[in-house]
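# Descriptive analysis of the structure
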Amino acid sequence: MVILDGKKISNQIKDEIATEVTQMKERGEKVPHLAAVLVGNDGASLTYVGSKVRSCKRIGFESTLKHLPEDTTEEDLLSLVNDLNKDPEIDGYIVQLPLPKHIDEQKVLMAVHPDKDVDGFHPTNFGKMALDMETFISATPYGIMELLRRYEVDTEGKHAVIIGRSHIVGRPISILMSQKGKAANATVPLCHSRTKNIKELTLQADIVVSALGVPHFLKADMVKPGAVVIDVGITRVEDKSKEKGYYITGDVDFEKVKEKASYITPVPGGVGPMTIAMLLKNTLLARERHRGNA
Ligand code: GUN
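Description of the structure in this document.

Thresholds applied
Residue numbers here run from 1 along each chain, matching the order of that chain's written sequence. Per-residue local features of the predicted model are confined to residues with pLDDT of at least 70, and side-chain atom pairs are confined, for both listing and counting, to 80 or more; whole-chain, interface and lining totals are unaffected and use all residues. Only hydrogens and water are set aside; all other atoms, that is, all heavy atoms of the structure, feed into the side-chain values. Two strands make a pair as long as DSSP finds a minimum of two bridges between them. Helical segments are the DSSP runs of H or I of at least four residues, strand segments are the runs of E of at least two, and each set is numbered from the N terminus. Convention adopted: a line fitted to C-alpha atoms gives each axis, helices being fitted over their contacting stretch, and angles between N-to-C directions are expressed from 0 to 180 degrees. Here a crossing is taken to be left-handed if its near helix is turned anticlockwise relative to the far helix by less than a right angle, and right-handed if that turn runs clockwise. Residue contacts are counted whenever heavy atoms from the two residues lie within 4.5 Å of one another. All residues other than Ala, Val, Leu, Ile, Met, Phe, Trp, Tyr, Cys, Pro, Asp, Glu, Lys and Arg, Gly among them, are scored as polar; the first ten of these are nonpolar and the last four charged. The span you would expect from a helix comes to 1.5 Å times its residue count less one. We call a residue buried when its accessible area falls under 20% of the maximum for its residue type, exposed when it is over 50%, and partly exposed in between, using a 1.4 Å probe and counting protein chains only.

With that settled, the discussion passes to the sheet that holds strand S11 (residues 263–264). Within a sheet, adjacent strands bond to each other through the backbone by hydrogen bonds, running parallel or antiparallel. Ordered in space as S1-S11-S8-S7-S5-S6, the 6 strands form an open sheet in which the pairing is parallel. Each edge of the open sheet carries a strand with a single partner, namely strand S1 (2–3) and strand S6 (190–191). Of the pairings in the sheet, the one linking strand S5 (residues 160–163) to strand S7 (residues 207–210) comprises 4 bridges and is parallel in character. Note on S7: the bridge partner recorded for Ile 163 is Ser 210.

Below you can see the structure in the form of structure tokens.
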């Protein structure tokens, strides 16, 4: 069994980007600038956005965090989005999800200019991705594809069963893995809460991607020997014995499933760090497009 080490691969990708940034600086060019918008104080979102900003610093990007209070109105958020769209200093930006309930998430994501939408959430970018056109691919599915590519996991003609149909992970990864190309060319059933026979399907799977957010959902008796297991779940489970008062766990019963899998991603240290690395890669692409180099 091989651990798909997202931490290691994401560090390699960050080093590659850092080298490009150094060369940009040597040429006297402006370095990529990523902005992140965070509304409210959701603990997990604070952690993710903090990681994104720290990673920018590490690789030499500029970063700006726009942290707004929980009671920010939709109108004020849309106004900030409009400002970021027009700001020539910002190459790309993200609006961290989830947004507070009183804000229409779709309306906000639609307002992000597609050329600055480094999350790849705008319908224009999602549509381009679905049509095999070059675009910003959402960081989590992009990270999964990159992890499979860098470990040269064979997906050609394989059954890749996806669990979860979210717009951010399940739906796009099902599209990407069924497309032509490396880490793709798979046959891809997409399971969700109304699927009647999930275990029957996962037992046929050469590759399982679980993106449900339900701790330990995928048990060893649901996995075929030799399967590739990708765990996208990152759930905080309350635990008073831990310093932070919680621990992080995935969708997969890791200790038991790893005994059957050929490749498996850990949580933490698997898909999570890859998401950040691919967001940075998208920001680099945004910068190059901005300059007319891509
Ligand atoms: N919330 C959970 N994952 C993501 C992500 O990839 N991007 C944004 N903007 N919000 C998220």
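Here the narrative resumes, following the displayed structure.
Turning to the packing of helix H6 (residues 139–150) against helix H7 (residues 170–178), a few remarks are in order. Direction vectors running N to C along H6 and H7 enclose 35°, while the axes themselves pass 9 Å from each other. For the pair H6 and H7, the crossing hand works out as right-handed. From H6, Pro 141, Ile 144, Met 145 and Leu 148 reach across to H7, where they touch Pro 172, Ile 173, Leu 176 and Met 177. Of the residues assigned to the contact of H6 with H7, the class counts are 8 nonpolar, no polar and no charged.

Bringing H6 into the picture now. Note on helix geometry: an α-helix contains 3.6 residues per turn, so any two residues three or four positions apart are oriented the same way. With 12 residues, H6 ought to run about 16 Å at 1.5 Å a step, and its terminal C-alpha atoms sit 16 Å apart, in line with that. Most of H6 is tucked away: 10 of the 12 residues are buried. When H6 is considered as a whole, its buried residues turn out to be Ala 139, Thr 140, Pro 141, Tyr 142, Gly 143, Ile 144, Met 145, Glu 146, Leu 147 and Leu 148. Where H6 is buried, its residues touch helix H1 (6–26), H7, S7, strand S8 (228–231) and helix H10 (271–290). Positive backbone phi, at 50°, marks Glu 152, one or two positions downstream of H6.

With that settled, consider H7. Across the 9 residues of H7, 7 count as buried, placing the element largely inside the fold. Within H7, burial applies to Gly 170, Pro 172, Ile 173, Ser 174, Ile 175, Leu 176 and Met 177. The secondary structure elements touched by the buried residues of H7 are helix H5 (123–130), H6, S5, S6 and S7.

The next thing to look at is the sheet that holds strand S3 (residues 62–68). Strand order in the open sheet formed by 3 strands is S3-S2-S4, with parallel pairing between adjacent strands. On the outer flanks of this sheet lie S3 and strand S4 (92–95), each paired with one strand and no other. The mean inter-strand angle of the sheet, taken between neighbouring strand axes irrespective of direction, is 15°. Pairing between strand S2 (residues 33–39) and S4: 4 bridges, direction parallel. By the bridge assignment for S4, Ala 35 is matched with Tyr 93. Packed onto the sheet, helix H2 (residues 43–59) meets S2, S3 and S4 and runs at close to 160° relative to S3.

Here Pro 100 shows up in the loop between S4 and helix H4 (105–111). Its relative accessible area of 7% is what places Pro 100 among the buried residues. Discounting residues that sit within four places of it in the chain, Pro 100 has contacts with Val 39 and Glu 70.

Just geometry here; none of it tells us what the structure is for.
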